[in-house]
Structure formats: structure tokens, C-alpha cells
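# Summary of the model geometry
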Amino acid sequence: MWDYSEKVLDHYRNPRNVGKIDDADLIGEAGSLACGDSLKLYLKLDGEKIVDAKFQTFGCGSAVASSSILTEMIIGKTLSEAKQITNKDIAEELGGLPQEKMHCSVMGHEALEDALKKYYGGKYAEDNTEENLSQSADKIVCTCFNVTESQIWEAIKINGLKTVEEITNYTKAGGACGRCKGNIQDILDTYYKKQQTSVSELTPTQKILKISKVIEQQISPELQKDGGDIEFVDLEGNKVKVKLTGMCQGCKNAQMTIKSFVESILKDKVDKNLEVEQV
């Protein structure tokens, strides 16, 4: 039996915004009944602001909860704000999901992404791709669950997945006949090889820009949730100098925050050789 948070159980038992918007401005879809899970997301807009969102889903309790919490997360946001939401954000908003159910949060993100693509068109795809890692975005890797190569790339990039089993938990790819597991491993190997090559080719200026972006978009928002924040001060070789501010400043757990959170993320997202120290 999986261990679900109270928030997951609440949204499963009392789902919000279930149904259909007849005059929806955007509709996003993900999954399929043939694969066991499907989701249709309806958005009503006022300009670029999402004023209403509803969903119809066929799937397990985690799929219902993920879809329900997603509608709450996006109502009141602009489309550009909604574009920043990832499956990781959905899972965290629910208080976490079992690894075997993470694909439900991915399905929610894919439905939102599908709706946004219909609004932004090619510009969305261009803006939403940090690196052109896949040369065949629509290639089907897992025919059992209709999972594409681009979906696997995205899951690896957002969630830092390292094993085939993790990819199966997040996308369902490889979860049926298993014949695609070799291809999934090849994608993993290629992804991290490209990442390592990319890091080794970064100039000091490029590395500083990448560190700044990760701190601004991934680290700072998490610290702000607890009343703290962080400033990037300098880069000397592989030493990243930062300054903790707000509630984080002078906190007895400041060093733990630096090493277990800030440094681990920068090692994963920028360069495994980086060391972080507080100034």
C-alpha cells in the first residue's frame, strides 16, 4: 500500500473543479484510455489570465488528485506564469507522491503544456526548450504507453532522473512489455553525456550565467517559502560564493542548507565539481 499525504487523499476524495467548460478558450489533453490514464484540461481566459479551469480524468486516485490540485494552482495565474509550472511543482503542492505514481503529475503537466502549445504555437516550443537535446521530438519510444522521446527528455531534465526505473515511474515508459528499456537507457546515457560535454565547454561567463539562472529560478523560490533567500556573489574557479538572507541569515542550519540543498542542486544542474560557500 502506497503512503499518500493528507492533501492527496483530500483532493482524491473531494476533487476541485471537476467537469467541462463548454466555451473553453484552450483545451489540453494527455494520456489515453488505451494506456490506462487520460486527462482533459479546460481553460477559460480573460486576456492572458486564467479565470477558470476544469478537468475530466480517467485514472487512479493520484491522477484525480494531481488534476485537481493543478486547476487550483493555475486559476488566477497568467499563461506565462502557468508556463513555469512543472510536474515537480504539482507533486510538491500535493505534499509528495509515491515514486510509482509520479507519472500522474507528469500527465497533468503534459495536459497543461498541450493547452499552452495551442496558444503560443511554435514560440512556446522554442521558449520552453533550454537545450535541443532530442533530434526526433515525436519519436515513439514506448509503444505500449505511447511515450515519446521528447517526453522522456523532459522528465529527465525536470526531475533529474538517473535510472530506467525512475523514468518508468514518471512516464510509464517501459512499464508493460519492457522491450523499450534498452532504448530508454540509451536516452539516459546520451542525455548525461551531452550534459557533461556541455559543462566542459562552458566559458566562465556562461557558467556564471547558468549558476545565476538556477539560483534565481530553482533555489531562491524554495528558500522564499520559509522566509529566506539567497544572493549569488561570485565564482572563483569552482567555488560558488553566495549570501543567505532573510530567515536563512544566521540560521543554525545555514551550513546544512548550503551543502545539502544549494550545492547539491548546482552540482546536478550546472557542474558536479562546484563547491558552495557562504560569505
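Before any of the text, the structure's been laid out above.
Residues numbered from 1 in each chain as written. Predicted model: local features only at pLDDT ≥ 70, side-chain atom pairs only at ≥ 80, totals over all residues. Heavy atoms only, no water.

### Considerations on the environment of D186
Considering the arrangement of structural elements, one finds D186 in helix 9 (residues 181-200). The class for D186 is partly exposed, based on a relative accessible area of 44%. Spatially, the C-alpha atom of D186 lies 9.8 Å from that of V164, the residues being 22 residues apart in sequence. (Helix = DSSP H or I, 4+ residues; strand = E, 2+ residues; numbered from the N terminus. Buried < 20%, exposed > 50% of the residue type's maximum accessible area, 1.4 Å probe, protein only.)

### Some thoughts on the pairing of strand 2 (residues 37-46)
Side-chain direction in a regular strand flips from residue to residue, so the side chains alternate between the two faces of the sheet. In terms of burial, strand 2 is largely enclosed, as seven of its ten residues are buried. Of the pairings in the sheet, the one linking strand 1 (residues 26-32) to strand 2 comprises seven bridges and is antiparallel in character. In the sheet register, S32 faces strand 2, and the bridge partner there is D37. Turn length for the strand 2-strand 3 (residues 49-58) hairpin, with the two strands adjacent in sequence and antiparallel, is two residues, and the turn residue G47 shows positive phi of about 70°. (Pairing = 2+ DSSP bridges.)

### Quick notes on the nonpolar core
The biggest cluster of nonpolar side chains holds 51 residues, and the ones touching the most others in it are L41, L43, I74, L112, I152, I156 and I184. Ranked by residues supplied to this core, first place goes to helix 5 (residues 102-120) with nine residues. (Core = buried A, V, L, I, M, F, W, Y, C linked by side-chain atoms within 4.5 Å.)

### A short note on the sheet that holds strand 1
Consider a sheet: its strands pair through backbone hydrogen bonds, and that pairing is either parallel or antiparallel. Reading across from one edge, 1-2-3 is the order of the three strands in this open sheet, with antiparallel pairing throughout. Every other strand in the sheet has two partners, leaving strand 1 and strand 3 as the edge strands with one partner each. Neighbouring strand axes in the sheet, compared pairwise and without regard to direction, differ in orientation by 15° on average. Contacts from helix 2 (residues 61-74) reach strand 2 and strand 3, with the element oriented near 175° to strand 3. Relative to strand 1, helix 5 is tilted by about 140°, and along the sheet it contacts strand 1, strand 2 and strand 3. (Axes fitted to C-alpha atoms, helices over the stretch in contact; angles between N-to-C directions. Contact = heavy atoms within 4.5 Å.)

### Comments concerning the sheet that holds strand 6 (residues 228-236)
Spatial ordering of the open sheet is given by 6-7-8, a layout of three strands whose pairing is mixed. Strand pairing shows two members of the sheet lacking a second neighbour, strand 6 and strand 8 (275-278), which therefore form its edges. Sheet twist, expressed as the mean angle between neighbouring strand axes with direction ignored, is 30°. As paired strands, strand 7 (residues 239-246) and strand 8 are joined by four bridges and run parallel to one another. Residue pairing for strand 8: V240 is matched across the bridge by V276. Its contacts with the sheet put helix 10 (residues 204-224) on strand 6 and strand 7, and the angle it makes with strand 6 is roughly 165°.

### Some details on the pattern of salt bridges
A complete count under the given rule lists 17 salt bridges for this structure. Between E29 and K40 there is a salt bridge whose closest N-O contact spans 4.0 Å. One end of the pair, E29, is in strand 1; the other, K40, is in strand 2, with eleven residues separating them in the sequence. E222 is the salt-bridge partner of K225, the closest N and O atoms lying 3.1 Å from each other. (Salt bridge = Lys/Arg side-chain N within 4 Å of Asp/Glu carboxyl O.)

### Focus on the packing of helix 5 against helix 8 (residues 164-171)
Taken N-terminus to C-terminus, the directions of helix 5 and helix 8 make an angle of 55°; their axes are 5 Å apart at the nearest point. Classified by the interaxial angle, the pair formed by helix 5 and helix 8 is oblique. Residues M102, H103 and V106 of helix 5 lie in contact with helix 8, whose contacting residues are N169, Y170 and T171. Its residues placed into classes, the contact of helix 5 with helix 8 shows three nonpolar, three polar and no charged. (Parallel < 35°, antiparallel > 145°, perpendicular 65-115°, else oblique. Nonpolar A, V, L, I, M, F, W, Y, C, P; charged D, E, K, R; others polar.)

### Observations concerning the packing of helix 1 (residues 6-13) against helix 2
Two elements in contact, helix 1 and helix 2, have axes whose closest approach is 8 Å; the angle formed by their N-to-C orientations is 90°. One element, helix 1, and the other, helix 2, form an angle in the roughly perpendicular class. Seen from helix 1, the contacting residues are K7, V8, H11 and Y12; seen from helix 2, they are G61, V64, A65, S68, I69 and E72. The residue inventory of the contact of helix 1 with helix 2, partitioned by class, reads five nonpolar, three polar and two charged.

Shape is all these values report; function is a separate question.
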